[in-house]
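# Summary of structural features
Listed below, chain by chain, are the residues.
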Amino acid sequence: MLATVDQQAQQFHDDVLAGLAAPIPSIPARWLYDRRGSELFDEITRLPSYYPTRTETAIFHTIMDDIASRVPKGAVVVEFGAGSQTKTPILLDAIKPSAYVPVDISGDYLEQSAADLQASFPQVEVIPVTADFARPFALPGGLDDRPKLGFFPGSTIGNFVPRSATDLLRQFRDLLGPGSQLLIGMDRVKPVDRLIAAYDDPEGVTAKFSLNLLTRINRELDADIPEDAFRHEARWNDILSRIEIHLVALRDVGFIIDGRTFTFAEGSSIHVENSHKYGQRGGRVLMLAGGWTPIAEWTDPAGDFAEILAVAEPNRFAP
């Protein structure tokens, strides 16, 4: 565990410094999720304007009998991202897996979430894995001979640009193996005003979530970023069909991280998150490009959100 923590600390350091020095400054969205960030995101999912969690949860309540009939008995559920206390229990209760492996980069938050789920499902072996699921990692031992169901809810796939999303899906396929299944959530394109409201709520929770990244950088990298010099901004990029989250400088500002000086002019920004939205065809094309064949798809009555069940194809590029 210590080696993993040390590796993540170094990766955070490297990603922040490289991202801030890039021609278009950006920091990978996964670093938003320290313990405080994870807590704030849980709060976001309960906001009236944040429709994805509420809509996906409603879909789950209607499709779980169908899901249970399609997933082999004794399967292992591997969730990419810390287990939600709303959606994950619905799945575990329906399919009754032999084991549940939540994978998340935020170790302390993951351990608490896993402990809560273990208490609720004592018959399921809960094995948390602290790892960055966007990078290769290994599953715990003793699970090789069991069928696998990958679980990637919440439209998290939208945080990745399409090329990276394709690579991630291929990595999931390689990890879980041919014949495994993946249940994945995808947010659909909808009116811009609804999208902006979901990522810039009037309560200001999403702003706290994104600005918490600066707090984390100051704390973990001994930086001196003046946090009041930036504001949260959600933008719709129509060409790339995505919401973008930026931290915009309110004034000319400079700060130092590990001996390196960074300056931002008033109005310039740090790009910290994307949330791509997919139409029905685009979602299926993405799955196929990532080595997964969709076998079932469900949506809510309004077509706001989609849940796709897919099966892993053999790696055609294997030697």
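Quick summary incoming for the structure in this document. (Residues numbered from 1 in each chain as written. Predicted model: local features only at pLDDT ≥ 70, side-chain atom pairs only at ≥ 80, totals over all residues. Heavy atoms only, no water.)

## Details of the overall build of the protein chain
Filter applied, for reference: Under the scheme used here, helices are H or I runs from DSSP no shorter than 4 residues and strands are E runs no shorter than 2 residues, and both carry numbers assigned from the N terminus. Note on classification: 1.4 Å probe, protein chains only; a residue is buried when its accessible area is under 20% of the maximum for its type, exposed when over 50%, partly exposed between these limits. The contact criterion used throughout is that any non-hydrogen atoms of two residues lie within 4.5 Å. Charge assignment: positive for Lys and Arg, negative for Asp and Glu; neither His nor the chain ends contribute. For the purpose of locating charges, the reference atoms are NZ of Lys, CZ of Arg, CG of Asp and CD of Glu.
A count of helical and extended segments in the protein chain gives nine helices and 13 strands. The principal-axis extent of the C-alpha atoms belonging to the protein chain is close to 60 × 45 × 45 Å. Counting all 319 residues of the protein chain, 55% fall into the buried class. Taking contacts inside the protein chain between residues at least 6 apart in sequence as the whole, the part at least 24 apart equals 70%. Charged side chains in the protein chain number 30 positive and 44 negative. The centres of these two groups are separated by 5 Å.

## Considering the nonpolar core
The line we're drawing: To form a nonpolar core, buried Ala, Val, Leu, Ile, Met, Phe, Trp, Tyr and Cys residues must be joined to one another through side-chain atoms within 4.5 Å.
One finds Val16, Leu20, Ile217, Phe230, Ile257 and Phe264 to be the most contacted residues of the largest nonpolar core, which totals 41 residues. Apart from residues lying up to four places away in sequence, Ile257 is in contact with Val16, Leu17, Leu20, Ile217, Leu221, Ala223, Ile225 and Phe262. Counting residues in hydrophobic clusters, the runner-up holds 31 residues, among them Val101, Val129, Phe133 and Ile157.

## Quick notes on the packing of aromatic side chains
Two measures describe an aromatic ring pair: the distance that separates the ring centres and the angle between the ring planes. Quick reminder of the rule: Put simply, two rings from Phe, Tyr or Trp (the six-membered ring, in Trp's case) pair if the centres are within 6.5 Å, and we call them stacked under 30 degrees between planes, edge-to-face over 60, tilted for the rest. Remark: a charge is flagged as sitting over a ring if the NZ atom of Lys or the CZ atom of Arg is within 6 Å of the ring centre and within 35 degrees of the ring normal.
Tallying each qualifying case throughout the model produces 16 aromatic pairs. Arranged with centres 6.3 Å apart and planes meeting at 65 degrees, the rings of Phe80 and Phe133 form a pair that is edge-to-face. A residue pair is termed long-range when its members are at least 10 positions apart, and Phe80 in strand 1 (residues 76–80) and Phe133 in the loop between strand 4 (129–130) and strand 5 (148–152) qualify at 53 residues. Here Phe80 falls in the buried class, since its relative accessible area comes to 2%. For Phe133, a relative accessible area of 12% corresponds to the buried category. Clustering of aromatic rings is evident, with ring pairs tying together Tyr33, Phe41, Tyr50, Tyr199 and Phe209. Looking at Arg194, its charged tip hangs above the ring of Tyr51, at a distance of 5.1 Å from the centre.

## Quick word on the pairing of strand 5
Convention followed: Strands are labelled as partners when DSSP assigns at least two bridges between them. Think of it like this: strands point away, you trace from the first strand over the helix to the second, and a clockwise trace means the crossover is right-handed.
Within strand 5, five of the five residues are buried, which leaves it mostly tucked inside the rest of the structure. Across the two faces of strand 5 the burial is the same, with Lys148, Gly150 and Phe152 and Leu149 and Phe151 all buried. Sheet topology note: the strand 1/strand 5 ladder contains four bridges and is parallel. Bridge pairing in strand 5 links Val77 to Leu149. Where strand 5 lies against strand 6 (residues 181–187), four bridges are found, and the strand directions are parallel. Paired with Gly150 across the two strands is Leu182, which belongs to strand 6. Note that the unit made of strand 5, helix 6 (residues 162–176) and strand 6 has a crossover that is right-handed.

## Examining helix 8 (residues 205–221)
Keep this limit in mind: Here a helix's expected span is defined as the number of its residues, less one, multiplied by 1.5 Å. The angle between axes fitted to the seven-residue stretch ending at a residue and the seven-residue stretch beginning at it gives the bend at that residue.
Between its first and last C-alpha atoms helix 8 spans 24 Å; for 17 residues at 1.5 Å apiece the expected length is 24 Å, and the two agree. The largest bend along helix 8 reaches roughly 30 degrees and is located at Leu211. The set of residues buried in helix 8 consists of Val205, Thr206, Phe209, Ser210, Asn212, Leu213, Leu214, Arg216, Ile217, Asn218 and Leu221. Phi turns positive one or two residues past the end of helix 8, at Asp222, with a value near 50 degrees.

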